[in-house]
Amino acid sequence: MKSLKITIAENTDVEKLKELLLQVKGINDIEIIDDENPESDLKKAFAKTKEQLKKGDYETLVNDIFDILIKK
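Small disclaimer: the values here were computed from a predicted structure and weren't measured. (Residues numbered from 1 in each chain as written. Predicted model: local features only at pLDDT ≥ 70, side-chain atom pairs only at ≥ 80, totals over all residues. Heavy atoms only, no water.)

**Describing the overall build of the protein**
Applied cut-off: For helices the rule is a DSSP run of H or I covering at least 4 residues; for strands it is a run of E covering at least 2, with both sets numbered from the N terminus onward. When a residue's accessible area, from a 1.4 Å probe over protein chains only, is under 20% of the maximum for its type it is buried; when over 50% it is exposed; and in between it is partly exposed. Shrake-Rupley sampling with a 1.4 Å probe provides the accessible areas, and residues are treated as covered by the protein chains on show and by no other component.
Helices and strands together make up the secondary structure of the protein, namely three helices and zero strands. Its helices and strands taken in sequence order, the protein reads α-α-α from the N to the C terminus. Expressed as a percentage of the 72 residues in the protein, the buried residues total 6%. Of the roughly 7,300 Å² of accessible surface on the protein, a fraction of 55% belongs to carbon and sulfur atoms.

If you want it as structure tokens, here you go:
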């Protein structure tokens with residue numbers, strides 16, 4: 001797998017740029033990384049899991065965990 005790093009200006013509409021780039025043939029996925037506000041994938045996953053547990057959304061929680069295990 002190859003990747004491309006793009007540095008953008010602060011006032012860039014990141015979602016629009018992401019939309020545009022996903023239309024380009026050969027681009028499968030785009031991950032937005034904010035070096036100013038780094039947050040690990042694990043921390044994001046815990047936050048999402050906590051919200052799912054609060055809402056009682058166990059089915060989605062189990063599916064997300066299953067996807068993570070299968071994906072890697």
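**Re the confidence of the model for the protein**
Which entries qualify depends on this criterion: pLDDT gives the predictor's per-residue confidence on a scale running from 0 to 100.
Residue-level pLDDT values for the protein average 82, and 88% of them are 70 or greater. Taken element by element, the protein is modelled with least confidence in helix α2 (residues 41–55), mean pLDDT 79, and with most confidence in helix α1 (residues 14–22), mean pLDDT 91.

**Remarks on the environment of Glu15**
Following the sequence through the fold, Glu15 ends up in helix α1. For the pair Glu15 and Ile32, spaced 17 residues apart in sequence, the C-alpha to C-alpha distance is 9.3 Å.

**With respect to the pattern of salt bridges**
Our working definition: For this analysis, a salt bridge means a side-chain nitrogen from Lys or Arg found within 4 Å of a carboxyl oxygen belonging to Asp or Glu.
Counted by the stated rule, this structure contains one salt bridge. Between Lys54 and Glu51 there is a salt bridge whose closest N-O contact spans 3.8 Å. You can see Lys54 and its partner Glu51 sitting in helix α2, three residues apart, about one turn around the helix. Here Lys54 falls in the exposed class, since its relative accessible area comes to 60%.

**Focus: the environment of Glu31**
Mapped onto the elements of the fold, Glu31 is located in the loop between α1 and α2. Residues Glu31 and Lys18, 13 residues apart in the sequence, show an inter-C-alpha distance of 8.8 Å.

**Description of the side chain of Gln52**
Selection rule: Every residue pair with non-hydrogen atoms within 4.5 Å of one another is taken to be in contact.
Mapped onto the fold, Gln52 is located in helix α2. A relative accessible area of 8% places Gln52 in the buried class. Every residue in contact with Gln52, bar those within four places of it in the chain, is listed here: Asp57, Thr60, Leu61 and Asp64.

**What about a nonpolar patch on the surface?**
Stated precisely, the cut-off is as follows: Only residues whose relative accessible area exceeds 30% and that form no salt bridge are eligible for patches; like-charged ones are grouped when within 9 Å, while nonpolar side chains (Val, Leu, Ile, Met, Phe, Trp, Tyr) are grouped when within 5 Å.
A contiguous nonpolar surface patch, about 450 Å² in accessible area, is contributed by Ile65, Phe66, Leu69 and Ile70. Looking at the secondary structure, you find Ile70 in helix α3 (residues 58–71).

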